[in-house]
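Residues per chain are reported as follows:
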Amino acid sequence: MLLSRQAEKLKVEYNDGADKRIKLFEVVNNKILETIFDCDGAVMRISILQGSDLESALSEFLNLLPEKIDKLERTFEEIKLKKQCPHCDSDNLVREIHIEKNQVPIAPIYECKNCGGRSYHLTPEYLQYLVLSHKELFEEQELHQLKTNEKEFFNELSEYIVRIFASKRIKRIR
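What you see is a predicted model; the values in this text were computed from it and never measured.

Caption draft 1: Fine view of the sheet that holds strand S4 (residues 31-38). The six strands are arranged S5-S4-S3-S2-S1-S6 in an open sheet whose pairing can be described as mixed. At either margin of the open sheet sits one strand with a lone partner, and together these are strand S5 (43-49) and strand S6 (72-73). Here strand S2 (residues 9-16) runs beside strand S3 (residues 19-28); their pairing, made up of eight bridges, is antiparallel. Looking at the pairing, Glu13 lines up with Ile22 of S3. In the packing of helix H1 (residues 54-64) onto the sheet, contacts are made with strand S1 (2-6), S2, S3, S4 and S5, and the angle to S3 comes to roughly 150 degrees.

Caption draft 2: Examining the pattern of salt bridges more closely. The tally for this structure, following the rule as stated, stands at nine salt bridges. Between Arg5 and Glu55 there is a salt bridge, with the nearest N and O atoms lying 2.2 Å from each other. With Arg5 in strand S1 and Glu55 in helix H1, this residue pair connects regions lying 50 residues apart in the sequence. In this structure, Glu73 and Arg5 form a salt bridge, with 3.0 Å as the shortest nitrogen-oxygen distance. With Glu73 in strand S6 and Arg5 in strand S1, the pair connects residues that are 68 residues apart, well separated along the chain. For Arg5, a relative accessible area of 35% puts it in the partly exposed group. One salt-bridge network, held together by shared partners, links Arg5, Glu55 and Glu73.

Caption draft 3: Layout of the pairing of S3. Across the ten residues of S3, seven count as buried, placing the element largely inside the fold. Hairpin connection of S2 to S3: two residues between the antiparallel strands, including Gly17 at a positive phi of 70 degrees. Relative to S4, S3 is paired through eight bridges, and the arrangement is antiparallel. Bridging from a neighbouring strand, Val28 pairs with Lys31 of S4. Hairpin geometry of S3 and S4 is characterised by an intervening segment of two residues between the two adjacent antiparallel strands and by a positive phi of about 55 degrees at Asn29.

Basis of the calculations
Along each chain, residue indices are assigned from 1 in the same order as the chain's sequence is written. In keeping with the model being predicted, local features are shown solely for residues with a pLDDT of at least 70 and side-chain atom pairs are shown and tallied solely at 80 or more, while totals for entire chains, interfaces and linings include all residues. Side-chain descriptors were evaluated using all non-hydrogen atoms of the structure, hydrogens and water having been removed beforehand. DSSP calls a pair of strands paired once it identifies at least 2 bridges connecting them. Secondary structure elements follow DSSP: runs of H or I of four or more residues count as helices, runs of E of two or more count as strands, with numbering from the N terminus. Two residues qualify as a contact provided that any one of their heavy atoms is within 4.5 Å of a heavy atom in the partner residue. A fitted line through C-alpha atoms represents every axis, and for helices the fit uses only the stretch in contact; the resulting angles, taken between N-to-C directions, go from 0 to 180 degrees. Think of a salt bridge as a Lys or Arg side-chain nitrogen and an Asp or Glu carboxyl oxygen that are within 4 Å of each other. When accessible area is computed with a 1.4 Å probe and restricted to protein chains, residues below 20% of their type maximum are described as buried, those above 50% as exposed, and intermediate ones as partly exposed.

Next up, the structure:
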């Protein structure tokens, strides 16, 4: 397990079974935002934790692990999405974060440090997590479609998301 710190951020790189994950704890608006990234820098989960102490958040995470793990500290590096910017094709995309009214952003927005362009990236796993953890936001007929034809439901939802972001002129990262 690798730990790194920078001001109001604490990054933990660890293995979750066969998968490598990055967990970022950061203080935003006096709250701790916990984001889990896959090994390519794509967002897998976002949540707001109780409290505002990074060390406490880290301790709680470590206590949930099945066994003790050696911690190695290293220099903090920004988490970059390993995809090309849809504006300039550079590989310098970092997540942009804003919390309004104590709610986490739904879709991860990335900013290109090369051209300043904003874009979004939703993995199928993250979209599924969003839907399954917020079923109360969907109507009964939508939930029925989710149960009867999950693939069609997620394809349709993805198309809606593409249109919403296109109307805001925020490009999709493929």
